[in-house]
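Read off the chains here:
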Amino acid sequence: MGESFKGLSRRDFLKVCGASATILGLSQSYVPQIAQALEGAAAKPPVLWLQGQNCTGCSVSALNSNHPSIAELVLDILSFRYQPNIMAASGDQAIQVIKDTIKNEKGKYVLVWEGAVPDKEDGLFAAFGEENGKPMTADKWITEAADSAAVVIATGTCAAFGGIPRANQAVTGAKGLLFDGTAKGGAYKGTTPVVNVPGCPPNPDWLVGTIVYWLMNKKAPDVDNYGRPKMFYGQTIHDNCERRAAFEAGLYLETWGDPAAIAPAEGGTATQNYCLVKKGCKGPITFSDCPIRRWNSRTSWPIGAHGICIGCTQPEFYAGLAPLYEKVPEVNLFGIQTTADNIAKVLGVAVAIGLGAHLVGNFATGRVGGKGGDK
Amino acid sequence: MAKVVIDPVTRIEGHLKIEVEVENGVVKDAWSSGTMYRGFEQLIQGKDPRDAIRITQRVCGVCNTIHGMSSVFAVDNAFGVTVPDNGRIIRNLIFASDWLADHPLHFYHLAALDYIDIMAVASYAGNDPALLKVKDKIVSLVKANDTYPLTPRYEPDAFVIKDPEVVTTAVSHYLEALEMRKLGHEMLALWGGRAPFFQNVVVGGVGIRPTVARIAEFTWRFEQLASWLENTYVADVVALGTGPLKPIHDLKVGLGVSNFLGYGAFDEKKSGDIKNRFFRSGVIDNLDLKNIKDLDPSKITEDVKYSYYKSASGLKPAVGKTDPDPKKADAYSFIKSPRYDGKPHEGGPLARMLMQQDPGFMELAGKIGVWPSAVARHAARAYETKMLIGQIRVWLDQLAKNINGEVCDDKALPMDAREGMGITDAPRSANGHWVSIDKGKVTNYQIVNASGWNFGPRDDKGVRGPVEEAIVGAPVPDPTNPTNVVRVVRSFDPCLACSVHIIEPTTNEILKFKVT
Amino acid sequence: MMAEMHIEHPVEARIYHYIHVVSMIALAFTGFFIHYPFFKGSMSTMRFIHFVAMYVVVFNLIIRISLAFLSKNRDYKNFGLGMIVWRNLFGTLGYYLFLKKELPKEVQGIYNPPQRLTYVLFIPLIILQAMTGFALYTPTAAYFTWLTSLAGGLEMVRVWHFSIMWVFILLTAVHVYLSLFEDFGQFKYMVLSMVPKDSKE
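Because the structure is predicted, anything quoted here is derived from the model rather than measured. (Residues numbered from 1 in each chain as written. Chains lettered and ligands numbered in written order. Predicted model: local features only at pLDDT ≥ 70, side-chain atom pairs only at ≥ 80, totals over all residues. Heavy atoms only, no water.)

## A look at the overall build of chain A
- When its secondary structure is counted, chain A shows 14 helices and 13 strands.
- Sorting the 375 residues of chain A into buried and exposed places 65% on the buried side.
- Long-range pairs, those at least 24 residues apart, make up 67% of the contacts in chain A between residues at least 6 apart in sequence. (Helix = DSSP H or I, 4+ residues; strand = E, 2+ residues; numbered from the N terminus. Buried < 20%, exposed > 50% of the residue type's maximum accessible area, 1.4 Å probe, protein only. Contact = heavy atoms within 4.5 Å.)

Spelled out as structure tokens, the structure:
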């Protein structure tokens, strides 16, 4: 395309490609390959960004993208046909854009889906737009929009697994696109490939990186059992945590803000920042590269700011990880919400009482200490 | 009479539908309905109350700090903790950083496209290199025949700014603002771990301790953002509000209910104490600015006659219930109708600034005329940004002087029955959480969310909510281009996932105007 | 009635039992520490002991099973779960629960039905415990991620691992109690190595 690519100078264009390589953790020697992939497209790839039971946190997080920036993404790299938080159109005009894109760009557009999809009460718990005076519900939209898409990016834990709305599944029927928590069987039944980019919210790099990867390779990145790209979700927080040494040394924070458990550089008096597992940190079971990638232009991240990891990229989030500030989750045992610790306590006491009673019985019947005692 | 449905209303947070009846080019009646429900109040029942501080932030990805703060105030209150000064100040810094990121986002990215004809950029004839770059960008989009997401749009009406110089400058500020608001989130992340959804504010205070290094890291970002906000954002709002947009204000587009309410924001003495806040709490009735009443939270109730809930109407939030019924007859919104003393009240920047009556703001308001309107709300938002910038410097100073102070009063989960209330103003309105706990679990949780105050449907008496009221009277000469309606709606900065209680009307014929 | 039984705990069986007891106690103790560090101690040391003890239990079990089938004193028949077990299971349990006055009359070999069931159940439980342990130890390794998915996430694997440990603890409590009060001779033989006079040893 030489001089100008979709409104960018050659120099700016290569800058965008370089930024895309950075986000994917690729060496800058990949820049020509990225350039080729992006230039290969005759026009900017169309994107539909639809929302079900969402909170817009994923969209707000995407606004924090740095390399490429959100302005570059929206104006230079992609053609955002529908993104309800930034687009100019409202009402029927906006809905018409979705319909036109589905019809005219069949098999070519990227569908970014944010939020869970509820199916109780005819799906009325999430709707946008009307058709013949009837609300268009999210569960209708997902089938229509995903079937004609080239790829679906389920952004955020709600879209991927059901997330927080799933904790109220009994009422709204909220599910992810392909998953219902850790189990397969979400709201989308079609065959278009779905890549999960969970997180509450997802780091902008995870989302933008996944989109750029797809544009470059025209296929989904290598994913784990839960459909998450391994390049971002390949390891646990715990394995890369800056406080891992404290965990190994047995140094644990017990009281928030306690200077005796915080490093001098962070305003405390301890040798290092103590591990937060006793405060319920979900780092050991949570997969993401937060400790390395960090957040908001790499300014900080939850554990770096002395808060726990709440396991927000996990399919179990939130109900399966509650209570967040306890070390083990509650499990549902025959309809009773309790912890493994409590079950153990009850069984332990029951066994102790049972054996004690048995011993009394043994003496009472003369099996022990009586005539039958010496067996 | 023409019925206009705007569904979805875009460039807001959440799912909103607005329906209006237009007669002789003027809106006669309006219905605002939220079209999404997840049920945070239901799903947090039986959970650990400390989880609420993390989970209720996810009520809304835009207002997350507000819900986090309201929730932590409520749980603090229930636990009976005394937050140390440094904990309180760090919470203020986290909260304020979000306001500084949120206000320009609202003005440039959500609202501005209603006021400018972005295609005028193509006629820019000046030679400012930065503006020429903006022009090149837009022209190349037009040439490539792909101007999404800037089009389609409502046809520019008579009030839209078409001067190429002004529009091009505004668009360049739109692009700058995208970068600048990131700084606000970086400031938030420095104290809170990440943005959106801060992670380290806990019952009793915060987990993070202040250090000189962190204050410095915060300060350089803050001063860069502050200077841009004052010289660009505030300047833009004032210039546009007193200039090209004054005709819209003069037409009194978006008058509203003239009752205002504020919970106050940014604790200056004790955490959660509504009497000692940087932005005052109070109540104004009928625009009577001489008579600002004290806020009495016990006068807050929520009506649900026109909301999709089968639970009782008119309940106080501490004993409120949220039990959805999306097929309830006559109902048309998942948003409840909060009322103070039985009357609708507008919350948000205009309410705050009228409560505050800072001489600077009153002077600005005097210039354009003191009445509530879409333009006045934007002006109030800009002015309070300026006030907040000054106060952040004060907090940083206080923090630096007491750098070794405690940050958290960490108390164990109480097992007895407790109740807590946490209320605070949000960038866009007044937000409150009420929690009841027993045996270490949440037994009841009610959120009277910020946008509920403004976007709630009619109450039991049939009185319209503030936004519905504000839309009435808006000139809509062409029902296919209801630009003034969306201008008014967006001036309230809707943020509706917040209004967790929201459902879509299915059969109700009245409801036809949709805003997403 | 017991006297008619030919009871033998050859030395290798006793050594297996000693090693098993010590490693299981070490596993439970370090396991509780890893679950919730209840005193100031090095987590890496605790984890190290936990892993070593796990390997000891696993290989010890493999050796014991080999001995049961291959050694001079092969005793796999003592653990058989044939019809004799099912015929007498409820009779034996009834005796323990004071529902019957006498143990079943049938000669059953050295282990009675509940004992046989418990000892055999230990084998799959130890295997499951080792597998859930590995799934937690290397959460990214492909060979156990299927287990993690099956359980419903790592947190659930942890709950399983923790619960199985409690099954061990409770079964062991019953086991120790019964050996002390129902058959102290066996306890002396197995634990104190007080070899009975009529033993072939």
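There is more to say after this.
## Notes on the overall build of chain C
- Across its full length, chain C holds 7 helices and 0 strands.
- Counted from the first residue to the last, chain C has its helices and strands arranged as α-α-α-α-α-α-α.
- Put simply, of all contacts in chain C between residues at least 6 apart along the chain, 60% involve residues at least 24 apart.
- When the accessible area of chain C is evaluated, it comes to approximately 11100 Å², of which 74% is carbon and sulfur surface.
- Side chains of chain C carry 16 positive and 11 negative charges; the gap between the two charge centres is 5 Å. (Areas by Shrake-Rupley, 256 points an atom, 1.4 Å probe, with all protein chains shown as cover. Lys, Arg positive; Asp, Glu negative; His and termini not counted. Charge placed at Lys NZ, Arg CZ, Asp CG, Glu CD.)

## Description of the confidence of the model for chain A
All names here are of chain A.
- Mean pLDDT over chain A stands at 86; residues scoring 70 or higher make up 88%.
- The secondary structure element of chain A with the lowest average pLDDT is strand E1 (residues 4–5), at 50, and the one with the highest is strand E11 (residues 194–197), at 97.
- Every residue in residues 371–375 is under pLDDT 50, and counting partners more than four places away or in other chains gives 10 contacts. (pLDDT = per-residue confidence, 0-100.)

## Some details on the confidence of the model for chain C
Residue and element names in this part refer to chain C.
- On average, residues of chain C score 84 in pLDDT, and 94% of them reach the 70 mark or higher.
- Of all secondary-structure elements in chain C, the lowest mean pLDDT belongs to helix H7 (residues 184–190), at 80, while helix H2 (residues 43–70) reaches the highest, 93.
- Confidence drops under a pLDDT of 50 for residues 1–5, and excluding neighbours within four residues, the segment shows 6 contacts in the predicted structure.

## Quick notes on the interface of chain A and chain B
- On the chain B side, the residues contacting the 93 residues of chain A number 93 residues.
- Taking both partners together, chain A and chain B bury about 7500 Å²; carbon and sulfur atoms supply 56% of that area.
- For the pair chain A and chain B, the interface holds 7 salt bridges.
- Linking Asp-76 of chain A and Lys-137 of chain B is a salt bridge whose minimum nitrogen-to-oxygen distance equals 3.4 Å.
- For the side of chain A that touches chain B, the secondary structure elements donating two or more residues are helix H3 (57–63), helix H4 (70–77), strand E4 (79–82), helix H5 (91–104), strand E6 (127–131) and helix H8 (169–172) of chain A. (Buried area = accessible area lost by both parts, 1.4 Å probe. Salt bridge = Lys/Arg side-chain N within 4 Å of Asp/Glu carboxyl O.)

## Some remarks on the sheet that holds strand E3 (residues 46–51) of chain A
All names here are of chain A.
- The strand order E4-E3-E5-E8-E11 describes an open sheet built from 5 strands, whose pairing is parallel. The sheet terminates laterally at E4 and E11, the two strands that pair on one side only. In this sheet, adjacent strand axes meet at a mean angle of 25° when their direction is disregarded.
- Against the sheet, H5 engages E3 and E4, with an angle of about 130° to E3. (Pairing = 2+ DSSP bridges. Axes fitted to C-alpha atoms, helices over the stretch in contact; angles between N-to-C directions.)

## Looking at the state of the cysteines
All names here are of chain A.
- Counted according to the given criterion, the structure contains 0 disulfides over all chains.
- Lacking any disulfide linkage, Cys-58 is separated from the closest cysteine sulfur, that of Cys-55, by 6.4 Å.
- The exposure class assigned to Cys-58 is buried, which follows from its relative accessible area of 12%.
- A disulfide-free cysteine, Cys-241 has its sulfur positioned 6.5 Å from the sulfur of Cys-281, the nearest such atom. (Disulfide = S-S within 2.5 Å.)

## Overview of the pairing of E11 of chain A
Residue and element names in this part refer to chain A.
- Burial along E11 is two-sided: Val-194 and Asn-196 and Val-195 and Val-197, pointing in opposite directions, are all buried.
- Bridge count for strand E8 (residues 151–155) against E11 is 4 bridges, and the pairing is parallel. Note on E11: the bridge partner recorded for Ala-154 is Asn-196.

## Some words on H4 of chain A
- By the criterion of burial, H4 of chain A is predominantly enclosed, with 8 of the 8 residues buried.
- Residues Ile-70, Ala-71, Glu-72, Leu-73, Val-74, Leu-75, Asp-76 and Ile-77 of chain A constitute the buried set of H4 of chain A.

## Some remarks on the nonpolar core
- If you look at the biggest cluster of nonpolar residues, it comprises 211 residues, and the most contacted ones within it are Phe-266 and Ile-471 of chain B.
- In terms of residues, this core owes the most to one element, helix H11 (residues 374–401) of chain B, which gives 13 residues.
- Residue contributions to this core reach at least three from each of two domains, namely domain 1 (4–232) and domain 2 (237–327) of chain A.
- Discounting residues that sit within four places of it in the chain, Phe-266 of chain B has contacts with Asn-92, Phe-95, Ala-96, Trp-99, Asn-276, Arg-277, Phe-278, Phe-279, Leu-388 and Trp-395 of chain B.
- Grouped together as the second largest cluster of nonpolar side chains are 29 residues, Ala-94, Tyr-109, Ala-138 and Ala-146 of chain A included. (Core = buried A, V, L, I, M, F, W, Y, C linked by side-chain atoms within 4.5 Å. Domains from an automatic or database assignment.)

## Notes on the interface of chain A and chain C
- Chain A puts 40 residues into the contact, and the matching count from chain C is 36 residues.
- Taking both partners together, chain A and chain C bury about 3600 Å²; carbon and sulfur atoms supply 60% of that area.
- Here chain A is connected to chain C by 1 salt bridge.
- A salt bridge links Arg-47 of chain C to Glu-248 of chain A; its shortest N-O distance comes to 3.9 Å.
- Where chain A meets chain C, there are 12 residue pairs in polar contact (both at pLDDT 80 or more).
- At the level of secondary structure, the elements contributing two or more residues to the side of chain A that touches chain C comprise helix H12 (244–249) and helix H14 (340–364) of chain A.
- Sorting elements by how many residues they give to the side of chain A that touches chain C places H14 of chain A first, with 11 residues.
- For the side of chain A that touches chain C, the class distribution of residues is 18 nonpolar, 12 polar and 10 charged. (Polar contact = N/O pair within 3.5 Å; in protein donor to acceptor, adjacent residues only side chain to side chain. Nonpolar A, V, L, I, M, F, W, Y, C, P; charged D, E, K, R; others polar.)

## A word on the environment of Pro-10 of chain C
Residues and elements named next belong to chain C.
- Structurally, Pro-10 is set in the segment before helix H1 (11–35).
- A residue is classified by how much of its surface remains accessible, and Pro-10, at 13% relative accessible area, is buried.
- With 180 residues separating them along the chain, Pro-10 and Met-190 place their C-alpha atoms 9.0 Å apart.

## Description of the sheet that holds strand E10 (residues 418–425) of chain B
All names here are of chain B.
- Pairing in this open sheet of 3 strands is antiparallel, and the strands run E10-E11-E12 from one edge to the other. Either end of the sheet is taken by a strand with one partner, and the two such strands are E10 and strand E12 (441–448). Strand-to-strand, the axes of this sheet are offset by a mean angle of 15°, without reference to chain direction.
- As paired elements, E10 and strand E11 (residues 430–438) share 8 bridges and run antiparallel to each other.

## Some details on H11 of chain B
Residue and element names in this part refer to chain B.
- In this model H11 runs 42 Å from its N-terminal to its C-terminal C-alpha over 28 residues, within 8% of the 40 Å that 1.5 Å per residue would give.
- With respect to burial, H11 is a largely interior element, 20 of its 28 residues being buried.
- Looking at where H11 begins, the residue whose side-chain oxygen comes 3.2 Å from the main-chain nitrogen of Val-375 is Ser-373. (Expected span 1.5 Å × (residues − 1).)

## With respect to the pattern of salt bridges
All names here are of chain B.
- Using the criterion set out here, one finds 52 salt bridges over all chains in the structure.
- With a shortest N-O distance of 2.5 Å, Asp-285 and Lys-293 are connected by a salt bridge.
- The exposure class assigned to Asp-285 is buried, which follows from its relative accessible area of 11%.
- Here the residues in one salt-bridge network are Asp-29, Arg-458, Arg-464, Glu-468 and Glu-469, joined through shared partners.

## Let's talk about the side chain of Glu-155 of chain C
- Position of Glu-155 of chain C relative to the elements: it lies in helix H6 (residues 154–181).
- For Glu-155 of chain C, a relative accessible area of 0% puts it in the buried group.
- A polar atom in the side chain of Glu-155 of chain C sits 2.8 Å from the side chain of Arg-158 of chain C.
- Once you skip the residues sitting within four places of it in the chain, Glu-155 of chain C turns out to touch Lys-282, Ile-285, Glu-316, Gly-320, Leu-321, Lys-327 and Pro-329 of chain A.

## Side note on the domain arrangement of chain A
Residue and element names in this part refer to chain A.
- Assigned domains within chain A: domain 1 (4–232) and domain 2 (237–327).
- A separation of 29 Å is found between the C-alpha centroids of domain 1 and domain 2.
- On the domain 2 side, the residues contacting the 24 residues of domain 1 number 18 residues.
- Taken over both partners, the interface formed by domain 1 and domain 2 buries close to 1600 Å², and the fraction arising from carbon and sulfur atoms is 56%.
- Summed over the three residues of domain 1 that lose the most area to domain 2, namely Asn-203, Trp-206 and Arg-228, the buried surface amounts to 27% of that side.
- In this structure, the connection of domain 1 to domain 2 is made through 1 salt bridge.
- Among the salt bridges present, the one from Arg-293 reaches Asp-205, with a minimum N-O distance of 3.0 Å.
- Counting across the interface, domain 1 meets domain 2 through 8 residue pairs in polar contact (both at pLDDT 80 or more).
- Counting only elements with at least two residues in the side of domain 1 that touches domain 2, the list comes to helix H7 (156–161), helix H9 (204–217) and helix H10 (230–233).
- At 3 residues, the largest contribution of residues to the side of domain 1 that touches domain 2 is made by H9.

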